[in-house]
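Summary of structural features
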Amino acid sequence: MEARMPNPATLLPGATEGIQAAVREMFQAGVPQATMELVHQRVSQINGCAWCLNYGAKNAKQAGETDERLALVAGWREAHCYTDEEKAAFALAEAMTRLADGSGVPDDVWDAAADHFAEKQLAALVLYIAMTNLFNRVNVTTRQPANAKPF
């Protein structure tokens, strides 16, 4: 499939700089990098973003993730290889990504995440889940191929 246009972020360099600065800040909030990368994978699976799945898998592997854990992300509820903290992050990611499917983020999902993450960490997770949804929507809308280079 051919891209409809270059990645919009490449056309607006000021926006790219802001996005990259925000993501750097999120990754410095104390959430393990592997958790952030796994959450990125789950959100990208839900949204069907091939570019983000490809790029995210490479980042996750660099963060030390195993093939097994990457392969099981979609089935995280049944998989026994994730920590309770990671499962809380997955549940939050799914609820935030599927807002239209229900009544927002249920209290039990929020409370589980808040039990496992300090407020600053939770802020980083919320922002990174939202940012991943942004990336997914831009890439799917403009049909960025899975092998396109990052912006």
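All residue numbers here refer to positions counted from 1 along the written sequence of the relevant chain. The predicted nature of this model means local features are confined to residues of pLDDT at least 70 and side-chain atom pairs, given and counted, to a pLDDT of 80 or more, with totals for whole chains, interfaces and linings taken over all residues. For the side-chain quantities, the full set of heavy atoms in the structure was used; hydrogens and water were omitted.

1. Observations concerning a nonpolar patch on the surface
Which entries qualify depends on this criterion: Each patch is built from salt-bridge-free residues with over 30% relative accessible area, joining like charges within 9 Å and nonpolar side chains (Val, Leu, Ile, Met, Phe, Trp, Tyr) within 5 Å. Using a 1.4 Å probe, accessible areas were evaluated by the Shrake-Rupley method; residue-level cover was limited to the displayed protein chains. The term salt bridge refers to a side-chain nitrogen of Lys or Arg lying within 4 Å of a carboxyl oxygen of Asp or Glu. Under the scheme used here, helices are H or I runs from DSSP no shorter than 4 residues and strands are E runs no shorter than 2 residues, and both carry numbers assigned from the N terminus.
Residues Met5, Leu11 and Leu12 make up a contiguous nonpolar surface patch of roughly 280 Å² in combined accessible area. As for its placement among the helices and strands, leucine 12 is situated in the loop between α1 (8-11) and α2 (13-27).

2. Quick notes on the packing of helix α6 (residues 84-97) against helix α7 (residues 107-116)
Under the convention used in this document: Axis angles are defined between N-to-C directions and span 0 to 180 degrees, where every axis is a line fitted to C-alpha atoms and, for a helix, only to the segment in contact. An angle below 35 degrees is read as roughly parallel, one above 145 as roughly antiparallel, one from 65 to 115 as roughly perpendicular, and any other as oblique. Whether a crossing is left-handed or right-handed is set by the direction in which the near helix is turned from the far one by less than a right angle, anticlockwise for left-handed and clockwise for right-handed. A contact between two residues is defined here by any heavy atoms of the two lying within 4.5 Å.
Where α6 contacts α7, the two axes come as close as 9 Å, and the packing angle between them is 140°. The angle between α6 and α7 falls in the class oblique. As for how α6 packs across α7, the hand of that crossing is left-handed. Contact residues: Asp84, Glu85, Ala88, Ala91, Leu92 and Ala95 in α6; Val109, Trp110, Ala112, Ala113 and His116 in α7.

3. Digging into a negative patch on the surface
Note the following rule: By the counting scheme adopted, Arg and Lys are positive, Glu and Asp are negative, and His together with the chain ends is not counted. To locate a charge, take NZ of a lysine, CZ of an arginine, CG of an aspartate or CD of a glutamate.
A grouping of Asp107, Asp108, Asp111 and Asp115 is seen on the molecular surface, where their side chains present a negatively charged patch. By the secondary structure assignment, aspartate 111 is in helix α7.

4. What to know about the packing of aromatic side chains
We count it as follows: Pairing of aromatic side chains here covers Phe, Tyr and the six-membered ring of Trp, requires ring centres within 6.5 Å, and sorts the geometry by plane angle: under 30 degrees stacked, over 60 edge-to-face, intermediate tilted. Accessible area is worked out with a 1.4 Å probe on protein chains only. A residue is then buried under 20% of its type maximum, exposed over 50%, and partly exposed in between.
Applying the stated criterion to the full structure yields four aromatic pairs. With a centroid separation of 5.0 Å and 85° between ring planes, the pair formed by phenylalanine 27 and tyrosine 128 is classed as edge-to-face. Here phenylalanine 27 is found in helix α2, whereas its partner tyrosine 128 is found in helix α8 (residues 119-141), with 101 residues between them in sequence. On the basis of relative accessible area, phenylalanine 27 is assigned to the partly exposed category, the value being 24%. Given the relative accessible area of 5%, tyrosine 128 is considered buried. With centroids separated by 5.2 Å and ring planes inclined at 85°, the aromatic side chains of tyrosine 82 and phenylalanine 90 adopt a geometry described as edge-to-face. The pair tyrosine 82 / phenylalanine 90 is uniform in exposure class, with both members buried. Chaining the aromatic ring pairs together yields one cluster made of Trp76, Tyr82 and Phe90.

5. Topic: the side chain of threonine 142
Put simply, the test is: Polar contacts, as counted here, are pairs of nitrogen or oxygen atoms within 3.5 Å of one another; within protein the pair requires one atom able to donate a hydrogen and one able to accept it, and residues that are adjacent in sequence qualify only if both atoms are side-chain atoms.
Checked against the element boundaries, threonine 142 lands in the segment after α8. Its relative accessible area of 7% is what places threonine 142 among the buried residues. From its side chain, threonine 142 meets the backbone oxygen of valine 138 in a polar contact 2.7 Å long. For threonine 142, the residues in contact, after removing those within four places along its chain, are Ala3, Arg4, Met5 and Pro8.

6. Quick word on the nonpolar core
Operational definition: For our purposes a nonpolar core is just a set of buried Ala, Val, Leu, Ile, Met, Phe, Trp, Tyr and Cys residues, chained together by side-chain atoms within 4.5 Å.
Counting residues in hydrophobic clusters, the biggest one holds 35 residues, and the most contacted among them are Val39, Tyr82, Leu92, Leu125 and Ile129. Among the elements of the structure, α2, α3 (33-47), α4 (50-62), α6, α7 and α8 are those that each provide at least two residues to this core. Contacts of valine 39, omitting those with residues within four sequence positions, involve Ala89, Phe90, Ala93, Leu125 and Ile129.

7. Here we look at α4
Here is the rule: The span one expects for a helix is its residue count, reduced by one, times 1.5 Å. As used here, the arc is the angular range of directions from the helix axis to the C-beta atoms.
Here α4 is 13 residues long and its end C-alpha atoms lie 19 Å apart, about the 18 Å a rise of 1.5 Å per residue gives. For α4, the set of buried residues is Trp51, Cys52, Gly56, Asn59 and Ala60. Viewed along the axis of α4, the buried residues span an arc of 145°, placing them on a single side of the element. Elements that come into contact with the buried residues of α4 comprise α3, α5 (67-71) and α8. Trailing α4 by a residue or two, glycine 64 shows a phi angle of about 100°, which is positive.

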